[in-house]
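As a plain string of letters, each chain reads:
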Amino acid sequence: MANALGHFKTITKHRHAVIKHCFKAGIGFQGLRHDLSKYSPVEFINGAKYYSDGKRSPNEAERLEKGYSLAWLHHKGRNKHHFEYWQDYNPKIKKNAPIKMPVNYLVEMFCDRVAASKIYQKENYTDAHPYEYFKKGMAATYMHEETAKKLEELLIMLRDEGEDKTFDYIKNVLLKQNDY
């Protein structure tokens, strides 16, 4: 029961942080729908089972035990702010390939990454953390080239110029272009 409560608190705190960022970025109503699938039985039950005081994703622990994460497979297939959602079979190369994300989902992904860094880093958070996490990981390898480039630009802007300037740019420039 303690794991279920801890997991609930962590995902809700994260979701509320994303919502706040989405409103700052100009996609508030989209933010209200952010990660609702985490409360579905397949995601919530596995999340609670593998919960570890909010120090790491329960999906990682589930992967270590099973070799895959059923919760993650469910989640990425229902949430368009994950670049993994934007993969499809490409008949030209005869394999799955990344697709360029629509700008509103790219922005939600940015908000999600910033909020996750704040939740996991707590008082140690700096505006450099989301960029450092991006560079440390393999996400750019699996993203559409233009999506990875624009996300990196936003994370560098956050790191170098701060949250206010970055959200202002997203809301008043990027979203108005409706492309990147």
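In short, a report on the structure. (Residues numbered from 1 in each chain as written. Predicted model: local features only at pLDDT ≥ 70, side-chain atom pairs only at ≥ 80, totals over all residues. Heavy atoms only, no water.)

Observations concerning unusual backbone geometry
Our working definition: Strands are runs of DSSP state E lasting at least 2 residues, helices are runs of H or I lasting at least 4, and numbering of each runs from the N terminus. Only protein chains enter the area calculation, which uses a 1.4 Å probe; residues under 20% of their type maximum are buried, those over 50% are exposed, and those in between are partly exposed.
A positive phi angle is found at Lys94, which is not glycine, with a value near 60 degrees. Along the chain, Lys94 turns up in the loop between β1 (87-90) and β2 (95-98). Judged by relative accessible area, Lys94 falls into the exposed class, the value being 63%. Despite not being glycine, Asn178 has its phi angle at roughly 60 degrees, a positive value.

Topic: the nonpolar core
Under the convention used in this document: What makes a nonpolar core is a set of buried Ala, Val, Leu, Ile, Met, Phe, Trp, Tyr and Cys residues whose side-chain atoms join them at distances within 4.5 Å. Contacts between residues were defined by any pair of non-hydrogen atoms, one from each residue, lying within 4.5 Å.
Judged by nonpolar contacts, the single largest core of 32 residues is most densely connected at Val107, Phe110, Cys111, Met143, Leu151 and Ile170. Sort the elements by how many residues they give to this core and helix α6 (residues 103-121) lands first, with nine residues. Setting aside residues no more than four positions away along its own chain, Cys111 makes contact with Val18, His21, Cys22, Ala25 and Phe167.

A word on a nonpolar patch on the surface
Formally: The patches described consist of residues with a relative accessible area above 30% and no salt bridge, like charges being joined within 9 Å and nonpolar side chains (Val, Leu, Ile, Met, Phe, Trp, Tyr) within 5 Å. Areas reported here follow the Shrake-Rupley algorithm with a probe of radius 1.4 Å; residue values treat only the protein chains shown as occluding. A pair is scored as a salt bridge if a Lys or Arg side-chain nitrogen falls within 4 Å of a carboxyl oxygen belonging to Asp or Glu.
Where nonpolar side chains cluster on the molecular surface, the patch consists of Leu5, Phe8, Leu36 and Tyr39 and spans about 350 Å² of accessible area. In this fold, Leu5 is placed in helix α1 (residues 2-25). Judged by its relative accessible area of 46%, Leu5 falls in the partly exposed class.

Keep in mind these values describe shape, not function.
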